[in-house]
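# Observations on chain architecture
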Amino acid sequence: MAKYHQETIAEVIKNLDSDSNKGLSGAKAEERIKQYGLNELTEKNKRSAWKILLAQLKSVMVIILIVASIITAFIGEVRDTIVILAVVALNTILGFSQEYRAEKAMAALKKMSVPRVKVRRNGQIVEINSTEIVPGDIVILEAGSIVPADMRLIEATNLKIQESALTGESEAVEKSTRPIEEDNPSLGDRKNMAYSGTVVTYGRGIGIVTATGMKTELGKIATLIQDTADTQTPLQKNIDQLGKILAVIALGIVAVIFIMGLLRGEDLELMFLTAVSFAVAAVPEGLPTVVTIALALGAQRMLKKNALVRKLMAVETLGSVNVICSDKTGTITENRMKVSLVEMAGRTMDFGKEDAPDPEALPKDDNKSFEIMLTAGALCNDAEIKPPVHKKQQVDMIGDPTEGALVYAAYRVGMEKSDLEEAMPRILELPFDSERKRMTTVHEITKNPKGQVPADVPAHLRENGVEKYVAFTKGAVDSLVEVCDRVLEGDEIHEIDEEWKRRIIETNNNLAANGMRVLGVAFRAVDPSEVEEKKVEERNLIFTGMFGMMDPARQGVKESIITSREAGIRPIMITGDHPLTAGFIAESLTMVDDKSNVRIGREIESLSQEELDRVTSETSVYARVAPEHKLKIVDSLQRQGNVVAMTGDGVNDAPALKQADIGVAMGITGTDVTKEVADMVLTDDNFTTIVSAVKEGRTIFDNIQKFIRYILASNFGEIWIMLLGPFMGISLPLTPLQILWLNLVTDGVPALALAVEPPEKDIMKRPPNPTKQHVLANGGWNVIFIGLLLAAFSLGIGLVYWLNDANSPWRTMLFSTLVFSQLFFALSVRSRTKSIFNAPFKDNPSLMYAVLGSFGLQLTVIYVPFMQKLFSTQALGIWDLLLSLALGSAILWIYEIKKLVTRKDNRKQLSVEG
């Protein structure tokens, strides 16, 4: 394998059979596209429509239903077969449609824009789609452009590339063209290479493409990620486990009933029908459908809140999340540097507020210094901004983010760079380099036809000896002070002595300790002879002040972090940024109490598993973190039993996202590779959206618990009826279609309404849902007991009617009383402790509509002739119907009394603890 970073430029060009001046010919480029393919990432394990469809049929309960449909077909009950298969089809369609839509939404995100790039072809510079680039192409790189493929740099003029998407390093890397002797340096140390997916932030360059598509470093990571298998979520495991348990119970009891019936001499076909009825009663057919619909509805609500769920069953995992590992830049912060304050010889102008500062409000002397500061910051600068068309639109910055912040600061107080450049055009420059840590530009002060100096030129410059030419210098404060001999204080200039130096350096250190990036600004008059000689010297400068800049926290993030902590969720910041910056942001957002409690990535490299687990259990801020460190941190947190959500945008984040229980990708800044491995994509890249999604996940899990308990209590009622009925002489208390009606209509419709129950007030003030806790935890015996009560009232009234007159509508009374009991139970199960009378239906009108609708449907089954024939029912008299309703309501009053006792016990416990 070629090691292009070690080769000279001439060797690379020769080995790739290209020409640095002419580039490739059109014919050669066509040949190489056929040889290497298009420059794009391919999905190895892409989920096709068929794969998504088949995944819906793997549930144990769905398999049980399919087996039941085969048995009913075998014994000639075609109606039952059709109804059961319709249930399977409904569940499959619902699950398929949501997941397929999510895949389509992901595809749309990927195709939002295909970058255009400049290349040399046939001796001409042309613009083509990045997918058409091939090895050997000569590519032109400019500030703001995305590097379209891996390439060896052959020209680099002040070139800086932001490689955080690949290496995690937040600072842009200064590039060169010199060969690197080291055999296998890290990607971040290959200063003469540019990699696919990274961004040019400064300068310009030319590169020759060495790899495209899946052969790039980006593609290699994509290949590794696509080989990883998916795992089941806790709810998937719970429902599958529940299905297996119910299947085993059903098979055991069916076998007993079947054998006992045959021993009593019952008809074989009747026994088959009874067996299928019991199996259908034992299995909550509506459960997979209702769970799928609940998750789909939750996913749709989350999408409205800017969270795209890619894997439907992962929604509920959010409810169990107790650790959120988040990147800082772009998720917690805005990902755009802004000037927070301007420091001028001890006087400070606050720029951190939403409203722009008013220079006129400053004392006159400070106003002069302030004007020079902003003028120097905007002109000694290669960044540009595009003003917004309307107020709500953000300002677009082109170029280095730090320089863009300075241009924007001037713009906020009405000083546009274009106007300043017109009044003082740049004529000379001394570019920034990493040794000097400074940049200097020389400007000519123009005059209008009347010989007047434009109003945009600060008057204070002329007052300090600047006549025609001025030099502005910006850079690191400690470096800048070395070439300054005076300091501007208000409208007075002082010699810089040791005391002034101490004050300047101390102010710089204080700002840096508060997480700010600090740049100093200075100026001096330039003699015309220097301009004639085109000689720029950084000497005898007048130190003017400092800009303190930060990437500010997003609006609402602090409140979301406080909410997270109240909800038992531990937010952790993992960033490639400086420890001081990370610590300050974390402390200001209440993530930590002490901003010095920050771990550096390299500190965890040599730790044993036990040491690492101890560190991760105590540390909430990590800085200067590399990709492998993120994976270690996530793995360690999971070893301790935590359910981890991990956010990321760069390719380097993808392995950690795949490892996490919930991988969260950024929709705006995230790479395609990261989005592909994620369970959820944030379309607004905002930490607040994650917390909203967690709240939604908890609400969904709460509601799933409610309707699972509701459905299973109803199913246990049917089981008790089918089990006890034969012992009381009733061979077939309920027919298979009556049970399906119960399970799908009178169970399923109210259960769906329970799925949209609003969150309870304390949902984000209680611990996360334990992952090892079964979905029926603390409610299993309650479900069996309620089921027994449902059976007692229903079977009791049916038995009384049957014993009184075998030709009476005993089965209809039994059937209807069970239906009405379930509907009244649905009203009461909305909360385990709150009374139905304190839970107004306006909070969830869907439930009242569902109950009334199900009641109406049940009346059609009782009184409409066609339905009577289909469901083996008889018309009830008015008193029979009222008796059935009264018995059905008994379950509500019993459950309300139980909740009253629970509330009193809770109050007693709180008073004891208090």
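Residues numbered from 1 in each chain as written. Predicted model: local features only at pLDDT ≥ 70, side-chain atom pairs only at ≥ 80, totals over all residues. Heavy atoms only, no water.

### Quick notes on the overall build of the protein chain
Within the protein chain, the secondary structure is distributed over 32 helices and 26 strands. Within the protein chain, buried positions represent 53% of all 914 residues. Contacts in the protein chain between residues far apart in sequence, at least 24 positions, make up 73% of those at least 6 positions apart. A total of about 40,000 Å² of accessible surface is found on the protein chain, and carbon and sulfur atoms cover 55% of it. (Helix = DSSP H or I, 4+ residues; strand = E, 2+ residues; numbered from the N terminus. Buried < 20%, exposed > 50% of the residue type's maximum accessible area, 1.4 Å probe, protein only. Contact = heavy atoms within 4.5 Å. Areas by Shrake-Rupley, 256 points an atom, 1.4 Å probe, with all protein chains shown as cover.)

### Observations concerning the side chain of Gln868
Structurally, Gln868 is set in helix H31 (residues 865-871). If sequence neighbours within four positions are ignored, Gln868 has contacts with Val861, Ile862, Tyr863, Thr873, Gln874 and Ala875.

### Here's the deal with unusual backbone geometry
Phi is positive for Asp17, close to 50 degrees, though the residue is something other than glycine. Considering the arrangement of structural elements, one finds Asp17 in the loop between helix H1 (9-15) and helix H2 (26-36). One non-glycine residue, Lys437, lies in positive phi territory at about 60 degrees. One can find Lys437 in the loop between strand S14 (426-430) and strand S15 (438-444).

### A word on the environment of Leu799
Here Leu799 lies in helix H28 (residues 780-804). Residue Leu799 is classed as buried on the basis of its relative accessible area, which comes to 16%. Expressed as a C-alpha distance, the spacing of Leu799 and Met728, which sit 71 residues apart in the sequence, is 8.1 Å. Setting aside its immediate chain neighbours within four residues, Leu799 contacts Met728 and Ile730.

### With respect to the pattern of salt bridges
In this structure the tally under the stated criterion is 32 salt bridges. Here Lys305 and Glu696 are joined by a salt bridge, their closest N and O atoms 3.4 Å apart. Note that Lys305 is positioned in the loop between helix H10 (286-304) and strand S8 (307-309) and Glu696 in helix H25 (residues 687-724), a separation of 391 residues in sequence. Accessibility expressed as a relative area gives 43% for Lys305, which makes it partly exposed. As a salt-bridge pair, Arg426 and Glu429 come within 3.4 Å of each other at their nearest N and O atoms. (Salt bridge = Lys/Arg side-chain N within 4 Å of Asp/Glu carboxyl O.)

### Remarks on the nonpolar core
Nonpolar side chains in soluble globular proteins tend to be buried together. Judged by nonpolar contacts, the single largest core of 120 residues is most densely connected at Phe543, Phe707 and Leu734. No other element matches H25, which puts 17 residues into this core. With residues near it in sequence (within four places) discarded, Phe543 still touches Val477, Leu480, Val481, Cys484, Arg486, Val487, Leu488, Ile496, Ile504, Gly520, Val521 and Ala522. If you look at the next biggest cluster of nonpolar residues, it comprises 38 residues, including Met415, Met424, Val470 and Val521. (Core = buried A, V, L, I, M, F, W, Y, C linked by side-chain atoms within 4.5 Å.)

### Some remarks on the environment of Arg152
With respect to the secondary-structure elements, Arg152 resides in strand S4 (residues 150-162). For the pair Arg152 and Val209, spaced 57 residues apart in sequence, the C-alpha separation works out to 6.5 Å. A polar contact of 3.1 Å, which involves the side chain of Arg152, links it to the backbone oxygen of Tyr4. There is a polar contact of 2.6 Å between the side chain of Arg152 and the backbone oxygen of Glu7. (Polar contact = N/O pair within 3.5 Å; in protein donor to acceptor, adjacent residues only side chain to side chain.)

### Re the pairing of strand S17 (residues 484-489)
The pairing of S17 with strand S20 (residues 541-550) spans three bridges and is parallel. Across the sheet, Arg486 pairs through a bridge with Ile542, a residue of S20. One ladder, built from four bridges, connects S17 with strand S18 (residues 492-495); its direction is antiparallel. Pairing of Val487 across the sheet is with His494, part of S18. Linking S17 to S18, which pair antiparallel, is a turn of two residues; within it Gly490 sits at a positive phi near 65 degrees. (Pairing = 2+ DSSP bridges.)

### Comments concerning the packing of aromatic side chains
Applying the stated rule across the entire model yields five aromatic pairs. Measuring from centroid to centroid gives 6.0 Å for Tyr710 and Phe825, while their planes differ by 35 degrees, and the two rings are tilted. Taken together, the residues Tyr710 in helix H25 and Phe825 in helix H29 (residues 810-828) connect sequence positions 115 residues apart. Note on Phe820 and Phe855: the rings are 5.5 Å apart at their centroids and 45 degrees apart in plane angle, and the pair reads as tilted. Here Phe820, found in helix H29, pairs with Phe855, found in helix H30 (residues 845-863); they are 35 residues apart in sequence, far enough to count as distant. An aromatic cluster of three or more residues is present, and its members are Tyr710, Phe825 and Tyr895. In this structure, Lys160 is placed above the aromatic ring of Tyr202, and the distance from its NZ or CZ to the ring centre is 5.4 Å. One cation-aromatic arrangement involves Arg503 over Trp500; the distance from NZ or CZ to the ring centre is 4.1 Å. (Phe/Tyr/Trp six-rings, centres within 6.5 Å; stacked < 30°, edge-to-face > 60°. Lys NZ or Arg CZ within 6 Å of the ring centre and 35° of its normal.)

### A word on the sheet that holds strand S22 (residues 599-600)
In spatial order, the strands read S8-S26-S25-S24-S9-S21-S23-S22; together these eight strands make up an open sheet with mixed pairing. Sheet topology places S8 and S22 at the edges, where each strand pairs with a single neighbour. For strand S25 (residues 662-666) and strand S26 (residues 680-682), the ladder comprises three bridges, and the chain directions are parallel. Within the sheet, the bridge partner assigned to Val664 lies in S26 and is Met680. Helix H20 (residues 579-588) contacts strand S21 (570-574), S22 and strand S23 (621-623) of the sheet and is inclined by roughly 155 degrees relative to S23. This element, helix H21 (residues 609-618), spans S21, S22 and S23 of the sheet and lies at about 110 degrees to S21. (Axes fitted to C-alpha atoms, helices over the stretch in contact; angles between N-to-C directions.)

### Regarding H29
For H29, spanning 19 residues, the distance from its first C-alpha to its last is 27 Å, which sits close to the expected 27 Å at 1.5 Å a residue. Of all 19 residues making up H29, 17 are buried, and the element is well covered by its neighbours. (Expected span 1.5 Å × (residues − 1).)

### Description of the packing of H29 against H30
Contact geometry for H29 and H30: axes closest at 10 Å, N-to-C directions at 175 degrees. On the basis of their axis angle, the class for H29 and H30 is roughly antiparallel. Side by side, H29 and H30 meet where Thr812, Phe815, Ser816, Val819, Phe820, Leu823, Ala826 and Leu827 of the first sit next to Leu847, Val851, Ser854, Phe855, Gln858, Val861 and Ile862 of the second. For the contact of H29 with H30, the per-class residue count stands at 11 nonpolar, four polar and no charged. (Parallel < 35°, antiparallel > 145°, perpendicular 65-115°, else oblique. Nonpolar A, V, L, I, M, F, W, Y, C, P; charged D, E, K, R; others polar.)

### Let's talk about a nonpolar patch on the surface
A cluster of nonpolar side chains, Leu54, Leu57, Ile66 and Ile70, forms an exposed patch at the surface whose accessible area comes to about 330 Å². Structurally, Ile66 can be placed in helix H4 (residues 60-74). (Patch = residues over 30% accessible without salt bridge, like charges linked within 9 Å, V, L, I, M, F, W, Y side chains within 5 Å.)

### As for the confidence of the model for the protein chain
Per-residue pLDDT for the protein chain has a mean of 82; in total, 85% of the residues score no lower than 70. No element of the protein chain has a lower mean pLDDT than helix H15 (residues 459-463), which averages 68, and none a higher one than strand S6 (residues 193-194), which averages 94. (pLDDT = per-residue confidence, 0-100.)

### Topic: the environment of Gly213
By the secondary structure assignment, Gly213 is in the loop between strand S7 (199-211) and helix H7 (217-226). Taking the C-alpha atoms as reference, Gly213 lies 9.2 Å from Val134; in sequence the two are 79 residues apart. In contact with Gly213, other than residues within four places in its own chain, are Leu38, Asn39, Glu40, Leu41 and Gly219.

### Quick notes on the pairing of strand S1 (residues 116-121)
Both S1 and strand S2 (residues 124-129) contribute to a ladder of six bridges, which runs antiparallel. Residue pairing in the sheet places Lys118 in a bridge with Glu127 of S2. Linking two consecutive strands that pair antiparallel, namely S1 and S2, is a turn of two residues; a positive phi of about 55 degrees is found at Asn122 within it. By the bridge criterion, three bridges tie S1 to strand S3 (residues 138-142) in an arrangement that is antiparallel. Looking at S3, one finds that Lys118 is bridged to Ile140.

### Looking at the packing of H21 against helix H22 (residues 627-639)
Relative to each other, H21 and H22 sit at 85 degrees, their axes nearing to 9 Å. Our classification of the angle between H21 and H22 gives roughly perpendicular. The segment H21 lies against H22, with Gln609, Leu612, Asp613 and Thr616 engaging Lys632, Ile633, Ser636, Leu637 and Arg639. Broken down by class, the residue content of the contact of H21 with H22 amounts to three nonpolar, three polar and three charged.

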